[in-house]
Amino acid sequence: MRPILLTAFVLGLIPANAGDLAVETYVIGVTPQIDGALLLGGQARANAVLQAGGIRVDWKRGRPQSAPTGLERTRLTIEIVSSAPDSASPTALATTTSTSIRLFWDRLTPLMRTHPQADRAILGHVMAHEILHALEGPGSHEDEGLMKATWTREDLKKMQRTQLAFGPHTADER
Ligand SMILES: [Zn+2]
């Protein structure tokens, strides 16, 4: 169970104090065969995207052994599974709770195939999008940018050369 107060504290931090929130993200499992460079490249892109919003992601392997220390630190697990379960909504790329993310590789692959040059960028943006959902909840979609519910072809193309911003009010060309 996750204390609600901590979530509220985390929420308050995101826009206010850049660099103040650290997210330990444990990769607890990868079922499909994924090129290691693609996975690491995706993680690096997720870091870059989230850093622009003051969130630092520390990537770790395996399951967390102890509780996180410090209020400004939060902890998530991420798992990549080969296929989406029947219970997943038909267009979802992942299911995400406040503590865990499960990415569906069978749905990510076609998306990455549409822009092969941007596969790491797309994976990174999906990871960053889901990490923000974990921190902010399912209602954190925006009209533009990283937290758009559905990205257009233009968005996917844009990820290759730059990164999508958190919301419509943030400069997204960097
Ligand atoms: Zn979403």
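As shown above, the structure is provided for reference.
Figured I'd write up the structure that's included with this text. (Residues numbered from 1 in each chain as written. Predicted model: local features only at pLDDT ≥ 70, side-chain atom pairs only at ≥ 80, totals over all residues.)

1. Considering the overall build of the chain
Basically, it comes down to this: Under the scheme used here, helices are H or I runs from DSSP no shorter than 4 residues and strands are E runs no shorter than 2 residues, and both carry numbers assigned from the N terminus. Backbone-placed C-beta atoms define the burial measure: a residue is buried with 20 or more other C-beta atoms within 10 Å of its own, exposed with 12 or fewer, and partly exposed in between. Whether two residues are in contact depends on their C-beta atoms, placed from the backbone: they are in contact if these lie within 7 Å.
Scanning the chain from terminus to terminus reveals five helices and five strands. Each helix (α) and strand (β) of the chain, taken in turn from the N terminus, gives the series α-β-α-β-β-β-β-α-α-α. For the chain, with 174 residues in total, the buried portion stands at 30%. Taking as baseline every contact in the chain between residues at least 6 positions apart, the subset at least 24 positions apart corresponds to 64%.

2. Section: the environment of Leu 38
Within the secondary structure, Leu 38 is located in helix α2 (residues 36-51). Taking the C-beta count within 10 Å as the criterion, Leu 38 has 13 such neighbours and is therefore assigned partly exposed. If near-sequence neighbours (up to four positions away) are discounted, Leu 38 is found in contact with Asp 119, Arg 120 and Leu 123.

3. Structural notes on the sheet that holds strand β2 (residues 55-61)
Here is the rule: Here the rule is simple: two strands pair whenever DSSP picks up at least two bridges between them. To define axes, lines are fitted to C-alpha atoms, for helices over the stretch in contact only, and angles between the resulting N-to-C directions are given on a 0 to 180 degree scale.
Spatial strand order, β2-β1-β3-β5-β4: five strands in an open sheet with mixed pairing. Looking at which strands have only one partner, the edges of the open sheet turn out to be β2 and β4 (94-96). Averaged over all adjacent pairs, the angle separating strand axes in this sheet is 20°, with direction ignored. Here strand β1 (residues 21-30) pairs with strand β3 (residues 73-81) via eight bridges, running parallel. Pairing of Glu 24 across the sheet is with Arg 75, part of β3. Along the sheet, helix α3 (residues 105-114) makes contact with β3 and β5 (100-104), crossing β5 at roughly 60°.

4. What to know about the packing of α3 against helix α4 (residues 119-136)
Basically, it comes down to this: Angular relationships are summarised with four words: roughly parallel below 35 degrees, roughly antiparallel beyond 145, roughly perpendicular across 65 to 115, and oblique for the angles in between. Left-handed is the label given to a crossing in which the near helix is rotated counterclockwise from the far helix by less than a right angle, and right-handed is the label when the rotation is clockwise. By the convention adopted, Pro, Cys, Tyr, Trp, Phe, Met, Ile, Leu, Val and Ala count as nonpolar, Lys, Arg, Asp and Glu as charged, and the other residues, Gly among them, as polar.
Axis separation between α3 and α4 bottoms out at 9 Å; the angle between their running directions is 135°. Considering the angle they form, α3 stands oblique to α4. Handedness of the crossing formed by α3 with α4: right-handed. Contacts from Leu 108, Leu 111 and Met 112 of α3 reach α4 at Asp 119, Ile 122, Leu 123 and Val 126. Considering only residue class, the contact of α3 with α4 consists of six nonpolar, no polar and one charged.

5. Observations regarding the nonpolar core
Just so we agree on the cut-off: Residues of type Ala, Val, Leu, Ile, Met, Phe, Trp, Tyr and Cys that are buried and joined through C-beta atoms within 7 Å form what is called a nonpolar core.
Ala 46, Leu 50, Ile 101, Leu 103, Ile 122, Ala 128 and Ile 131 are the most contacted members of the largest nonpolar core, which has 33 residues in total. Residue assignment for this core shows that the elements contributing at least two residues are β1, α2, β2, β3, β5, α3 and α4. Top contributing element to this core by residue count: α4, with 10 residues. When near neighbours in sequence (up to four residues on either side) are disregarded, Ile 101 contacts Leu 76, Ile 78, Ala 94, Thr 96, Glu 130, Ile 131 and Ala 134.

6. Describing α2
Residues spaced three or four apart along an α-helix point in a common direction, a consequence of the helix completing one turn every 3.6 residues. Defined as follows: Multiplying one less than the number of residues by 1.5 Å gives the expected span of a helix.
Over its 16 residues, α2 runs 22 Å from end to end, which matches the ideal 22 Å to within 8%, given 1.5 Å per residue. Within the sequence span of α2, burial applies to Gly 42, Gln 43, Arg 45, Ala 46, Asn 47, Val 49 and Leu 50.

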